[in-house]
Amino acid sequence: MAEADLLASRREKLQRLRAAGVEPYPYGFARTHAAAELRRSFPDLSPHTRTGAVVSLAGRLTAIRRMGKASFADLLDQTGRVQIFLSADGLGAPAYANFLENLDIGDILGIRGEVFTTKTGELTVDAREVVLLAKSLRPLPEKWHGLKDVETRYRQRALDLIANESSRRALEKRALILRTMRNYLDGQGYLEVETPILQPIPGGATARPFVTHHNVVDRDLYLRIAPELYLKRLLVGGLEKVYEIGRNFRNEGISSEHNPEFTALEAYEAYGDYERAMELCEGLIEACALAVAGGLRLEYQGRAVNLARPWRRASLLELVAEGSGCDVEKPLAELVRELDRRGIPVPDHLRQGPKGKVIEHLLETRVQEKLWDPTFVLDFPLDISPLAKRKRGRPDLVERFELYITGREIANAFSELNDPHEQRERFLAQEELRQAGDEEAQRVDEDFLRDLELGMPPAAGIGIGVDRLVMVLVDAPSIREVLTFPLLR
RNA sequence: GGGUCGUUAGCUCAGUCGGCAGAGCACCGGCCUUUUAAGCCGGGUGUCGCAGGUUCGAUUCCUGCACGACCCA
């Protein structure tokens, strides 16, 4: 039947129900059990057991198996599926006829009836009453293969969630991971805070922002690319352990690992350095893995991942030297010549430096994909790290790490720069890059500098890409699987 | 930005070396009180992604475009 006829058929049933005095969209339904609760309440019954217990359930009708004067049906709620038995005997002939004639797969129903088990031992509710709670006017995807088309799945997320249990489970696991993060940090004495999403100067990361406009004050504002600078100002204010879990916005491409709005955890701890950030990172991710996967040996897309500590620590420069076969300590011009000689492509916009961008490019193209088990990549070039403190004994580097798992960047952290004079110099160096055409370069933020001048304690700071971490922990191939409503063009 | 593959019924997918468009599920009608991808009988519901081109004839071949997946930059 064509789609228009399928819709028309359901609308006709709706009309018939209304004509018979049935309200197809009532206000509520008192249920005694969710599906999972029912299973817990009636464990281990033998086949052919009549319990005499009357329960009420509500959910979506997902299957009907008709056998004349009786039918079995499946009712799905958030916790699972329960089989329902409907018969002329149990409901009365008119109510049973109404069920067959006017209700459809997809309708949301309330059921009251007796708990029993069938001859195969399946827990089932023998319906004495069926209440329509919401008529469904659209056909559902196929019961066996479900909804597979990824575009439809992402564009019609509600339909996907009805049809695919794995989609529901992914969101539940995501919630568990977020809850575990909060519990872990709260347990360590961190204070959860919320900082501005609308910012006059987008700071704290190297990225292009979304711009918006405040009409009353007639001024452009930016959706934050990171909460970092505000969180550090709270450190200045005397909050010693703070974190924020929230949405960041970057005006960049969409891919299996990038969504323009994404969820980040940022945490700052006074009196720590990046060694402390590594400990925190290990402990936090370990707790999440244990909560959601029950262990530290996972599988990601068919390949084993071992999250057992201690995690590998490797110098960025050594990794890049190994990955490129080049001496990356030599000056930019010589390094570029050597890369050319070896046939390693260097994008034109990076050839004039800063050198750190070339190193970063080599990390992304020649090293990153090999970092499968958790690896802390240590000590980044200063010229691409304007908010991090210099490395002790290596003034051209900073105390910064990125954490890689399954070949993707999961976290970024540093010993936070708290010298206001040096911070201003770093901002000015970024400003020069901006003048030279680098739209991602960071901007001078005078409000932040003023607060730094009040004195910020030395601190460890870390940012974790929550969506990507969830991908790894729930074995999702695309960031879209772990977002409720991924952006599609 | 480039490459490869894909887009056919509500869903999952076949198929046409260019000649009336197919299946299963869903749906509609009938039978059926222990089914669970229930079963049995009957019914095919379509702008073959969009726009051009070639051709007597295009869903099929060609070109462009849109959208998607994967890979590369």
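About the cut-offs
Residues numbered from 1 in each chain as written. Chains lettered and ligands numbered in written order. Predicted model: local features only at pLDDT ≥ 70, side-chain atom pairs only at ≥ 80, totals over all residues. Heavy atoms only, no water. Core = buried A, V, L, I, M, F, W, Y, C linked by side-chain atoms within 4.5 Å. Buried < 20%, exposed > 50% of the residue type's maximum accessible area, 1.4 Å probe, protein only. Helix = DSSP H or I, 4+ residues; strand = E, 2+ residues; numbered from the N terminus. Contact = heavy atoms within 4.5 Å. Domains from an automatic or database assignment. Pairing = 2+ DSSP bridges. Axes fitted to C-alpha atoms, helices over the stretch in contact; angles between N-to-C directions. Salt bridge = Lys/Arg side-chain N within 4 Å of Asp/Glu carboxyl O. Arc of directions from axis to C-beta. Polar contact = N/O pair within 3.5 Å; in protein donor to acceptor, adjacent residues only side chain to side chain. Parallel < 35°, antiparallel > 145°, perpendicular 65-115°, else oblique. Left-handed = near helix turned anticlockwise from the far one by under 90°. Nonpolar A, V, L, I, M, F, W, Y, C, P; charged D, E, K, R; others polar.

What follows concerns the nonpolar core. Ranked by internal contacts, the top residues of the largest apolar core, which has 48 residues, are Met 181, Leu 265, Phe 401, Leu 403, Ile 462, Ile 464 and Leu 473. Per-element accounting of this core gives the leading share, ten residues, to helix α9 (residues 274-293). Every residue in contact with Met 181, bar those within four places of it in the chain, is listed here: Ile 245, Leu 265, Leu 284, Cys 288, Ile 464, Val 466 and Leu 469. Residues Leu 229, Leu 231, Val 236 and Phe 380 belong to the second largest nonpolar core, which totals 45 residues.

Turning our eyes to something else, we now look at the domain arrangement of chain A. By the assigned domains, chain A splits into domain 1 (3-140) and domain 2 (165-311 + 373-482). Here the C-alpha centroids of domain 1 and domain 2 sit 48 Å apart.

So, on to the sheet that holds strand β3 (residues 80-87). Pairing is mixed around the closed barrel formed by five strands, whose spatial order is β1-β2-β3-β5-β4. Adjacent strand axes in the sheet meet at a mean angle of 55° when their direction is disregarded. When strand β1 (residues 50-66) meets strand β4 (residues 108-117), the two strands line up antiparallel, connected through eight bridges. What sits directly across from Ser 56, in β4, is Arg 112. Its contacts with the sheet put helix α4 (residues 93-102) on β1, β2 (70-77) and β3, and the angle it makes with β2 is roughly 65°.

Applying the stated criterion across every chain, the model contains 47 salt bridges. The residue Asp 160 makes a salt bridge to Arg 157 at a minimum N-O spacing of 2.7 Å. Of this pair, Asp 160 and Arg 157 both sit in helix α6 (residues 157-163), three residues apart, roughly one helical turn. Here Asp 160 falls in the buried class, since its relative accessible area comes to 0%. When its relative accessible area of 3% is taken as the criterion, Arg 157 is described as buried. A salt bridge links Asp 438 to Lys 357; the nearest nitrogen and oxygen atoms lie 2.9 Å apart. Placement of Asp 438 in the loop between α13 (420-435) and α14 (446-454) and of Lys 357 in helix α12 (residues 355-367) is noted, with a sequence separation of 81 residues between them. Of the two residues, Asp 438 and Lys 357, both sit in the buried class. Three or more residues joined by partner-sharing salt bridges are found here, namely Lys 13, Asp 104, Asp 107 and Lys 135.

Moving on, we come to the environment of Ala 170. Residue placement: Ala 170 occurs in helix α7 (residues 165-187). Considering only alpha carbons, one finds Ala 170 and Ala 476, 306 residues apart in sequence, at a separation of 8.3 Å.

Another point: the pairing of β2. Strand residues, when the strand is regular, have side chains that alternate between the two faces of the sheet. For β2, the tally of buried residues reaches eight of eight residues, placing the bulk of the element in the interior. By the bridge criterion, six bridges tie β1 to β2 in an arrangement that is antiparallel. Paired with Arg 65 across the two strands is Phe 72, which belongs to β2. Joining the antiparallel neighbours β1 and β2 is a turn of three residues, in which Gly 68 adopts a positive phi near 75°. Both β2 and β3 contribute to a ladder of eight bridges, which runs antiparallel.

Further remarks concern α14. Of the residues making up α14, those classed as buried are Phe 448, Leu 449, Asp 451 and Leu 452. An end-on view of α14 places all buried positions within 165° of arc, on one side of the element. Facing away from the buried side of α14, by more than 90 degrees, are the exposed residues Glu 453 and Leu 454. Where α14 is buried, its residues contact α8 (228-236) and α13. The backbone nitrogen of Asp 447 has a side-chain oxygen 3.2 Å away, supplied by the residue at the start of α14, namely Asp 445.

On to the side chain of Glu 286. Inspection of the secondary structure assignment puts Glu 286 in helix α9. Among all residues touching Glu 286, those that are not within four sequence positions of it are Leu 296 and Arg 309.

Another point: the packing of α8 against α14. Interaxial distance between α8 and α14 falls to 9 Å at its minimum, and their mutual angle equals 25°. When the axes of α8 and α14 are compared, the pair comes out roughly parallel. In this structure, α8 crosses over α14, and the sense of that crossing is left-handed. On the side of α8, the interface is formed by Leu 229, Lys 232, Arg 233 and Val 236, while α14 contributes Asp 447, Phe 448, Arg 450, Asp 451 and Leu 454. For the contact of α8 with α14, the residue count by class is four nonpolar, no polar and five charged.

Within the secondary structure, Thr 118 is located in the loop between β4 and β5 (123-134). When its relative accessible area of 10% is taken as the criterion, Thr 118 is described as buried. When the C-alpha atoms of Thr 118 and Asp 77 are compared, they prove to be 21 Å apart, with 41 residues separating the residues in sequence. Excluding its chain neighbours within four sequence positions, the residues that come into contact with Thr 118 are Pro 47, His 48, Phe 72, Gln 83 and Thr 124.

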